[in-house]
Each structure stands twice: as structure tokens, then as C-alpha cells.
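Single-letter residue listing:
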Amino acid sequence: MRLRSLHLAAIAVVVSVFAIGSSAARAQGVAISISPTDSAAAAEAIAAGNYGAELTPPQGEVSKGSAAFMRVGQGAIQAMPADVIDPLVTIPLPSWGPVDLGYFNSLPTTAHTLTSTRQWNVYLGCPASDQTCWGNPQQFIADLNASKFIHVADQYVGSNALKRYPLASSYFYNLPASPPVSPVNGTSTVAWLLSVVGAAAALPGNTPASVTGPGNLYHLFFNQGIDVCIDDGDTTCYSPNNLSTFAFCGYHEYVDFNAPYGRVYFTVEPYQAVNGCFGPTSDITSATANVLSHEIFESITDPNLDAWFGTGNPIDNLGEEIGDQCVWLHLYPQKLNLLHQAYVTQNEYSNKYHSCVDKP
Ligand SMILES: [Zn+2]
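Throughout this document, residue positions are counted from 1 along each chain, in the order its sequence is written. Only residues with pLDDT of at least 70 are given local features in this predicted model, and only at 80 or more are side-chain atom pairs given and counted; all residues enter the totals for whole chains, interfaces and linings.

Trainee: How do you make sense of the overall build of the chain when you look at a structure like this?
Mentor: The numbering of helices and of strands both runs from the N terminus, where a helix is a DSSP run of H or I of at least 4 residues and a strand a run of E of at least 2. Per the secondary structure count, the chain includes 8 helices and 16 strands. Our exposure labels follow a C-beta count within 10 Å of each residue's own C-beta, placed from the backbone: buried means 20 or more other C-beta atoms, exposed means 12 or fewer, and partly exposed covers the counts in between. Burial analysis of the chain (360 residues in total) assigns 49% to the buried set. A sequence separation of at least 24 residues applies to 74% of the contacts in the chain between residues at least 6 apart. Whether two residues are in contact is decided by their C-beta atoms, placed from the backbone, lying within 7 Å.

Trainee: Before we go on, may I ask you to explain the pairing of strand E10 (residues 250–256) in this structure?
Mentor: The side chains of a regular strand alternate between the sheet's two faces. Extensive coverage of E10 is indicated by the burial of 5 of its 7 residues. Pairs of strands are assigned from DSSP output, requiring at least two bridges between the strands. Judged from the 6 bridges that link them, strand E3 (residues 51–56) and E10 form a sheet pairing that is antiparallel. Opposite Ala53, over in E10, you have Glu253 as the bridge partner. Sheet topology places E10 next to strand E11 (residues 263–269); 6 bridges connect them, and they run antiparallel. Paired with His252 across the two strands is Thr267, which belongs to E11. A loop of 6 residues connects E10 with E11, the two strands running antiparallel in sequence, and Gly262 in this loop sits at a positive phi of about 70 degrees.

Trainee: Would you take a moment to explain helix H8 (residues 284–301) for this structure?
Mentor: Three or four residues apart is the spacing at which side chains of an α-helix point the same way, because the helix has 3.6 residues per turn. Here a helix's expected span is defined as the number of its residues, less one, multiplied by 1.5 Å. For H8, with 18 residues, the first-to-last C-alpha span of 26 Å sits near the 26 Å given by 1.5 Å per residue. The buried fraction of H8 is high, at 17 of 18 residues.

Trainee: Teacher, can you tell me more about the environment of Leu336 here?
Mentor: Note that Leu336 resides in strand E13 (residues 334–337). Here Leu336 falls in the buried class, since 21 other C-beta atoms lie within 10 Å of it. C-alpha separation for the pair Leu336 and Lys148, spaced 188 residues apart in sequence, amounts to 9.8 Å. The contact partners of Leu336, leaving out residues within four places of it in the chain, are Ser147, Phe149, Ala342, Tyr343, Thr345 and Asp358.

Trainee: For this particular structure, what's the right way to read the environment of Phe104?
Mentor: Looking at where Phe104 falls in the secondary structure, it is placed in the loop between strand E4 (101–103) and helix H4 (109–112). Taking C-alpha positions, Phe104 is 8.7 Å from Thr311, a pair spaced 207 residues apart along the chain. In this structure, Phe104 is in contact with Asp306, Ala307 and Phe309, ignoring residues within four places of it in sequence.

Trainee: It is not clear to me how the packing of helix H5 (residues 137–145) against H8 should be interpreted in this structure. Could you clarify?
Mentor: What describes two packed helices is the angle between their axes and the distance between those same axes. Where H5 meets H8, the closest approach of the two axes is 10 Å, and the angle between their N-to-C directions is 50 degrees. By the angle between their directions, the pair H5 and H8 is classed as oblique. Between H5 and H8 lies a crossing whose hand is right-handed. Along its contact with H5, which presents Pro137, Phe140 and Leu144, the element H8 presents Thr288, Ala289, Leu292 and Ser293. The axes used here are C-alpha line fits, helices contributing only the stretch in contact, and every angle between their N-to-C directions lies in the interval 0 to 180 degrees. For classification, angles of less than 35 degrees are called roughly parallel, those exceeding 145 degrees roughly antiparallel, those between 65 and 115 degrees roughly perpendicular, and all remaining angles oblique. Handedness of a crossing follows from how the near helix is turned relative to the far one, being left-handed for an anticlockwise turn of less than a right angle and right-handed for a clockwise one.

Trainee: Which parts of the structure should I look at to understand helix H7 (residues 186–202)?
Mentor: Compared with an ideal rise of 1.5 Å per residue, which puts 17 residues at 24 Å, H7 spans 25 Å between its outermost C-alpha atoms and is within 8% of the ideal. Among the 17 residues in H7, 15 count as buried, and that is most of the element.

Trainee: Would you take a moment to explain the nonpolar core for this structure?
Mentor: Formed by 90 residues in total, the largest nonpolar core has its most connected members in Val122, Leu193, Val196, Tyr218, Leu220 and Val264. Among the elements that make up this core, the one with the highest residue count is H7 (9 residues). Here, a nonpolar core denotes buried Ala, Val, Leu, Ile, Met, Phe, Trp, Tyr and Cys residues that are linked to one another through C-beta atoms within 7 Å.

Trainee: Help me understand the pairing of strand E14 (residues 342–345), please; the structure alone is not making it clear to me.
Mentor: With burial as the criterion, only one face of E14 is covered, namely that bearing Tyr343 and Thr345; the residues Ala342 and Val344 on the opposite face remain uncovered. Alignment of E13 against E14, held across 4 bridges, turns out to be antiparallel. Looking at E14, one finds that Leu336 is bridged to Tyr343. Counting the residues that bridge the hairpin from E13 to E14 gives 4 residues.

Trainee: Is there a simple way to explain the packing of helix H1 (residues 36–47) against H7 in this structure?
Mentor: Interaxial distance between H1 and H7 falls to 8 Å at its minimum, and their mutual angle equals 125 degrees. Taken together, the axes of H1 and H7 are oblique relative to one another. Taken as a pair, H1 and H7 cross one another with a handedness that is right-handed. Residues Asp38, Ser39, Ala41, Ala42, Ala43, Ala45 and Ile46 of H1 lie in contact with H7, whose contacting residues are Gly186, Thr187, Val190, Ala191, Leu194 and Ser195. Considered class by class, the residues forming the contact of H1 with H7 number 8 nonpolar, 4 polar and 1 charged. Under this grouping Gly is polar, as are all residues other than the nonpolar Ala, Val, Leu, Ile, Met, Phe, Trp, Tyr, Cys and Pro and the charged Asp, Glu, Lys and Arg.

Here you go:
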């Protein structure tokens with residue numbers, strides 16, 4: 001589901017956040033809060049329609065209907081490649097597999113995808129003030145960056161450089177004394193993002209330009225029990241306790257702030273070990289990795305919602321991105337044996353194989 005230009009009202013939220021060093025053991029303790037300026041800037045960006053988001057629906061919603069999700073696995077499954085990173089694949093356009101992704105831009109792919117990007121993890125509402133509420137997302141991002149799996153994206157972005165999506169050197173935590181309100185609405189999510197971006201820019205060696213744009217991707221993790229809505233009317237939400245508004249497990253979005261920040265890319269990662277979101281397994285580490293990897297791949301291949309997605313011809317997959325075409329598809333769950341740990345996640349769609357795969 002794609003959303004643009006919803007009109008949202010401003011809500012001021014105050015939260016305190018720590019910035020820490022490259023491992024959880026080296027906390028630096030830079031506290032920040034959402035200022036009225038952050039909230040006003042977030043409201044202005046949203047009200048002006050300067051954003052676009054793509055939602056990952058819960059499992060039940062998908063199984064209700066989309067034929068595309070059923071057809072992905074029915075093509076011929078080619079042999080997975082050997083244990084090497086393949087050279088770049090030239091994709092013939094228009095695409096020639098029935099559910100292949102099309103490229104919806106006249107600019108080179110390198111100008112409209114994320115070719116080399118550091119990832120910032122932001123943890124909200126975990127009493128331990130670290131990542132432990134979500135399993136081990138830091139290790140997953142580091143492992144994914146070193147994996148063959150991440151190179152499924154190479155064919156779409158025009159790069160096959162190794163380790164080009166590393167974890168950023170700092171993470172942010174909210175203070176347990178200031179838990180987020182629930183549900184967290186669209187404007188307060190964006191205000192949180194802006195406060196974190198501002199703090200990142202203030203870290204030694206960084207500038208507003210160096211922590212924004214296609215070189216940076218922020219992930220906002222919300223703890224168990226915190227509902228999140230993409231609108232301010234609380235109608236389109238992650239709300240496993242309220243099925244009438246339960247519309248997504250996660251999403252990726254871009255938002256344009258005024259100078260000096262400009263465009264910022266981010267994903268929203270609510271707590272995934274709930275009915276409708278937990279994916280192939282219910283353990284929180286894999287459940288988190290499952291939706292996080294989906295949003296990372298889609299952020300890389302379609303960050304501005306104008307690059308790679310289904311064409312709608314000959315089947316009804318218009319707008320479905322690299323992860324959507326394989327979401328909740330349990331025909332091919334993968335056990336990813338990555339560097340430090342195994343994870344069970346979905347596959348990603350490959351035009352090269354015309355199927356959902358875990359290798360380039
Ligand atoms: Zn998606």
C-alpha cells in the first residue's frame with residue numbers, strides 16, 4: 001500500500017535519547033529531546049505532502065487476496081548460484097518475467113536507489129535502553145551487510161561493491177523514564193526522526209549533509225505494546241490489539257525537511273512477535289530480522305517510490321516492491337546462516353531468477 005500527502009496535525013512529544021558508540025558497551029550518553037521546533041518542522045513536512053511511504057501489510061491481509069503473492073512461487077526456480085558474488089546482471093527492459101519488477105524512472109538506477117548507505121538503529125521504549133527488546137538487530141544488520149543475501153539488490157542498484165550497507169557508528173535510545181505514548185502517530189514519528197537526525201548531525205565528524213540523503217537509512221524500533229499509526233487520525237496502524245486499524249507490520253518512508261537536512265530515509269519497525277507479523281517463526285530475533293530485511297531491501301531498491309516495483313502487467317502486482325512480492329510466502333522460507341547467527345526470514349524478488357531468492 002502506498003501513501004502520499006496525508007494531512008496530519010502536530011502533536012508535541014518529548015523524549016530523551018542517548019547516542020552511543022559503535023558497540024553497546026561504549027555508551028556516550030548524549031541526551032536529546034524533541035523540541036517544539038522539531039514537532040513544527042515534522043508537521044510542516046507532513047502537511048505539505050513532502051513524504052511517501054510503503055506499508056507491509058500483516059499476514060492475514062495478504063492471504064485474503066493478492067493473486068500476485070500466490071503466483072510468485074510458481075515460476076521455474078533456477079539453481080542458486082555458487083558461493084561467490086556474481087558480476088552485475090544486465091536486466092533487459094521491459095522485463096520479461098511475469099512478475100518481474102519494472103524500473104519507473106528515466107534517471108540511471110544509481111541516482112534513484114540507495115547504492116551505499118549506513119544504517120542507524122533507533123530504539124524506543126525498551127526499558128533496558130538497548131536493542132535487547134528486539135532480539136539482535138545490530139548483529140543482523142552487520143551480518144546482512146556481509147552476506148550474499150544483500151547482493152540480491154545489486155541487479156537493481158547498479159553496484160556490486162561489498163559491505164556497502166554498514167551499521168552506523170552510533171545508536172540512539174530513549175530513556176525508560178520517558179516511554180513513548182501509544183499509539184505513536186505519523187507526525188510524532190517524523191518528529192522523533194528529526195530529533196535523532198539532529199543529534200546525529202551534532203556528533204563529532206558529522207554534518208547535516210553527512211547524516212541525511214541516500215547515504216543514510218534510519219530504523220525506528222518501537223517496543224512491545226506500542227502501537228504505531230502512519231496517520232494522525234490513528235486509522236492506519238500497527239495495532240495487533242485493535243484489528244480494525246491493523247494495516248501494517250512495518251513501513252519504509254522518505255520525508256523532506258527544510259534546510260539544512262533535506263530528504264531523510266527511514267523505516268518503522270514495531271514489535272514483530274505478534275500474530276500477523278511474526279513471519280516464518282515466532283522468535284523475536286528472526287521476526288525482527290524478517291520485516292527489517294524486507295524494509296531494508298525496499299528502501300535500497302525503491303527509496304523514493306519511483307524506482308523498482310511491479311508493473312501491473314500482465315498480473316495485478318502494480319506497486320509491489322522487491323519484498324512485497326515475497327512477503328509471507330512460506331513456500332520458500334529461508335534459514336539464513338549468516339556470519340554470527342542464523343535467522344529465518346523471507347526471500348526477496350529477483351528479476352534474474354524470476355522468483356524469490358536468498359542469493360544474487
Ligand atoms: Zn513492502
